[in-house]
Amino acid sequence: MKRIIYLFVLTLCLIFAFLDHDSNGVAYNPLFHNHNDQTDGATQSIAMPCGLGGSENHKH
Amino acid sequence: MNTLVKKIDLSVFIYSIIGTLVFSYLFVSQISHRHFYVFLIGIGLGVSLYHASFGFTGGWRNFIERRESSSLRAQIIMLGLAVILFSFFINSNSWIYQGKMIGAVAPVSLSVVIGSFIFGLAMQLAGGCGSGTLFTASSGNGKMAITLIFFMIGSLVGTYHFDFWRLAPSLGGISLLNEYGKVNSVLLQLSILLMLYYVVFKSDQKQNSNFSHFDIFDFTNFKLFKGPWPLILGSVLLVFFNVLMLQAAGHPWGITFAFSLWAAKIVQLIGIDVSSWAFWKLSYPSTALENSILADPTTVSNLGIIFGALAASALAGNFFKASLINRKILIAAILGGFLMGYGARLSFGCNVGALFSGIASGSLHGWVWFLFAFLGSMVGVRFRRVFYS
């Protein structure tokens, strides 16, 4: 029974991801950024690659 | 063969296969082929993490408490391999898309020192690090599922306090690759790793008479589908998949940004507007918040890890093995999860995004993270006894 509940909760989380995808869509694809763009000085100081949550030398 | 079939958890295995097919179709048809590749790489990571039981927490604790070094040595070998391979690819063009690949270079700052120390301490309380929490929670470990929830909450609180921590003294991002060039930076990092390996095995040898360099290469009980896999295979595969991640995503493997994003998306549902917080105004986080959660590559690889670990645990017949949870352990899971999440945001990642991918990318912050997380773990091992006695 606990296993079923566990999988049920996981399914709810996955449904949440689907619904979020459905409502927000992909207006901008993070994997298709331009690496040559430069960010402004404020974001430069906390440089990290985009996909890891940062903004190294990228503009969106 | 019959025994093998009996032990496989067929319903869970089928669930993981259906989930994999559904998400694969979604990525290919609605987002991009690169997201699909990142998802597949995530599955490979999930299976490798599970079958090799590759966790940083237990390995560090074994060394701190008993000087048993097998897991720590496997991690050092993994870092050495990654340093060599990444040096060929960072800042060069990808095989998969037209564009350059970039390393996980983050600032060396006071927030990294404090954050990694907190993370190291907390991972001993929780009994799992960033990758460990994700793959064990995915394979049905109830305690780690609780840890994961509080990891997300702590990570979100970390983004709330981001404005405060960004003012902490910082040297900025320091890339050893850029500072010393490819050959020198690789030689420098390999020398440090070799020295570490020597110190670690010498102290193991001193305390444990049955020490062997080859224990991590032990294939005696190796079973491809059911596991376990030897540690060295885990090390090699994690490096292999991290290199593939670099090629497909354009950046190395990371885990914890997605936890912040998931928590932010959830609290927005209940009316808390995180988009006004400084962290969520930054270029990438704001983009990720506005877009589909499935467009974020860290979320995509985490989904792959979830399905990979789910499938591996089903094949091993170990999905949802009941774990002892009493009140003290529950508090440790909550506290550990929350502090890991908070520490990960302060220190620009966890044992994967900051330590593994950071060092592989030649970022000095990865080394600072390693040092202070280990010191934090030394304290955490003592605190842990209060909860697990």
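Bear in mind that the values here come from a model prediction, so they are computed numbers and not experimental data. (Residues numbered from 1 in each chain as written. Chains lettered and ligands numbered in written order. Predicted model: local features only at pLDDT ≥ 70, side-chain atom pairs only at ≥ 80, totals over all residues.)

## A closer look at the overall build of chain B
Secondary structure summary: chain B contains 18 helices and 2 strands in total. For 389 residues, the compact-globule formula gives about 21 Å, and the C-alpha radius of gyration of chain B, at 20 Å, lands near that figure. Projected onto its principal axes, the C-alpha positions of chain B cover 55 × 50 × 50 Å. Going through the 389 residues of chain B one by one, you find that 57% of them count as buried. (Helix = DSSP H or I, 4+ residues; strand = E, 2+ residues; numbered from the N terminus. Rg over C-alpha atoms; globule rule 2.2 N^0.38 Å. Buried ≥ 20, exposed ≤ 12 C-beta atoms within 10 Å, placed from the backbone.)

## A word on the packing of helix α3 (residues 33-51) of chain B against helix α15 (residues 297-316) of chain B
Residue and element names in this part refer to chain B. Contact pair α3 / α15: the axes reach a minimum separation of 6 Å and the direction vectors enclose 40 degrees. It follows from the interaxial angle that α3 and α15 lie oblique. Once α3 is placed against α15, the crossing between them reads as right-handed. (Axes fitted to C-alpha atoms, helices over the stretch in contact; angles between N-to-C directions. Parallel < 35°, antiparallel > 145°, perpendicular 65-115°, else oblique. Left-handed = near helix turned anticlockwise from the far one by under 90°.)

## Some remarks on the nonpolar core
One finds F39 and A122 of chain B to be the most contacted residues of the largest nonpolar core, which totals 132 residues. With near-sequence residues (within four places) excluded, F39 of chain B lies in contact with F23, S24, F27, V300, L303 and G304 of chain B. (Core = buried A, V, L, I, M, F, W, Y, C linked by C-beta atoms within 7 Å. Contact = placed C-beta atoms within 7 Å.)

## Brief notes about the confidence of the model for chain A
Looking at chain A, the pLDDT average stands at 71 and 53% of residues meet or exceed 70. In this model residues 37-46 of chain A is a low-confidence stretch, pLDDT under 50, and it forms 18 contacts with partners more than four residues away in sequence or in other chains. (pLDDT = per-residue confidence, 0-100.)

## Some details on helix α2 (residues 10-31) of chain B
Residue and element names in this part refer to chain B. Across its 22 residues, α2 extends 30 Å between first and last C-alpha, which sits within 8% of the 32 Å expected from 1.5 Å per residue. Listed as buried for α2 are V12, S16, F23, F27 and I31. One side of α2 holds all its buried residues, which, seen down the axis, span an arc of 40 degrees. Facing away from the buried surface of α2 by more than 90 degrees, the exposed residues are L10, S11, I14, I18, L21, Y25 and S29. Where α2 is buried, its residues touch α3 and α15. (Expected span 1.5 Å × (residues − 1). Arc of directions from axis to C-beta.)

## Details of helix α8 (residues 142-160) of chain B
Helix length check: α8 of chain B, at 19 residues, gives a terminal C-alpha distance of 28 Å against a target of 27 Å (1.5 Å per residue), a fit within 8%. Extensive coverage of α8 of chain B is indicated by the burial of 14 of its 19 residues.

## Regarding the packing of helix α5 (residues 70-89) of chain B against helix α17 (residues 351-360) of chain B
Helix packing for two helices is described by the angle between their axes and how far apart those axes are. Residues and elements named next belong to chain B. At a minimum axis distance of 7 Å, the contact between α5 and α17 shows a crossing angle of 45 degrees. Comparing their axes, α17 and α5 come out oblique. In this structure, α5 uses L79, A82, V83 and F86 to contact α17, whose residues at the interface are F356, I359 and A360. Of the residues in the contact of α5 with α17, the class split is 7 nonpolar, no polar and no charged. (Nonpolar A, V, L, I, M, F, W, Y, C, P; charged D, E, K, R; others polar.)

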